[in-house]
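Chain by chain, the residues:
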Amino acid sequence: PKQLSGVAKLLQMMDWQSNEGEENEGMVGNYLNFGSIGKEHVVNAHVTEDGRQVEQDDVFIIIAPQSMVGVDSSIIGPLQEMTEAAGDRPMILINPDLTDKVSSQGQQNVRGRQDRINFANSFQTIYHFQNIYVSGTSYFPILGSMTKLSPQAPWVAHQRRDLMNEDGEIYVP
């Protein structure tokens, strides 16, 4: 999507490794790989033809995966292949939208729809934050929020309440 068009470039420019003696030294490891969604982007441990040892990817972090409206635009197929190729390694989805989208002109068939929905539901929400707005507005006014702060925590809705004399606002669970 357009709003994420610069995120990959920004992430690749970041300094992911702390120097020796710094607080987070060694936290990330010696490398960080960037790729796309699909089984071809899962790196498994192997030895190259020239004898070089290649380490496998340990964790997969996918930012804002989502399907678009269209015939061949579902993210579910490539994401499902990627999770199968990753095996039992962790896959973290940040701000996913895995809802089944209608294809343009109704060309996407219904066969497999339940499989796509089941796959999307196979992920566990461990953290969630979402503002609540008036329908049809552009992010204003904020009426409240929905949160889930850990895998065991309950979902909590917060309602916005304005303070008297325009002295700010509070959010009440």
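Cut-off values and rules
Within any chain, residue numbers begin from 1 and follow the written order of that chain's sequence. With pLDDT at 70 or above as the cut-off, local features in this predicted model cover only qualifying residues; side-chain atom pairs require 80 or more to be listed or tallied, and sums for whole chains, interfaces and linings still use all residues. Hydrogens and waters are ignored; side-chain quantities use all the structure's heavy atoms. Here a cavity denotes a set of grid points, spaced 1 Å apart and computed over the protein atoms alone, in which a 1.4 Å probe fits but from which it cannot get out, and a pocket denotes an open set meeting protein on both sides within 12 Å along at least five of seven lines; residues with an atom within 4 Å of a point are reported as lining. Grid points are joined across faces, edges and corners, and a volume is the space filled by probe spheres set on the points. Comment: elements are numbered from the N terminus, with helices defined as DSSP H or I runs of at least four residues and strands as E runs of at least two. Note that Gly is not counted as nonpolar here; it falls among the polar residues with everything else outside the nonpolar set of Ala, Val, Leu, Ile, Met, Phe, Trp, Tyr, Cys and Pro and the charged set of Asp, Glu, Lys and Arg. Here a pair means two rings of Phe, Tyr or Trp (six-membered ring of Trp) with centres within 6.5 Å. Their orientation is stacked below 30 degrees between planes, edge-to-face above 60, and tilted elsewhere. Think of it in three bands: residues with accessible area under 20% of the maximum for their type are buried, residues over 50% are exposed, and the middle band is partly exposed, with areas taken using a 1.4 Å probe on protein chains only.

Draft legend 1. Representation of the layout of surface pockets in the model. Volume-wise, the second largest pocket comes out at about 980 Å³. Taken together, 24 residues make up the lining of the second largest pocket; nearest its centre are Leu93, Ile94, Asn95, Pro96 and His128. Of all the elements in the fold, those that place two or more residues in the lining of the second largest pocket are strand 4 (91-94), helix 3 (113-121) and strand 5 (128-133). The biggest single contributor to the lining of the second largest pocket is strand 5, with five residues. Its residues placed into classes, the lining of the second largest pocket shows 14 nonpolar, nine polar and one charged.

Draft legend 2. Spatial organisation of the packing of aromatic side chains. One pass over the full model with this rule turns up one aromatic pair. Between the aromatic rings of Phe119 and Phe123, the centroid separation amounts to 5.4 Å while the plane-to-plane angle is 85°, which identifies the pairing as edge-to-face. With relative accessibility at 9%, the residue Phe119 sits in the buried group. Owing to a relative accessible area of 25%, Phe123 belongs among the partly exposed residues under this scheme.

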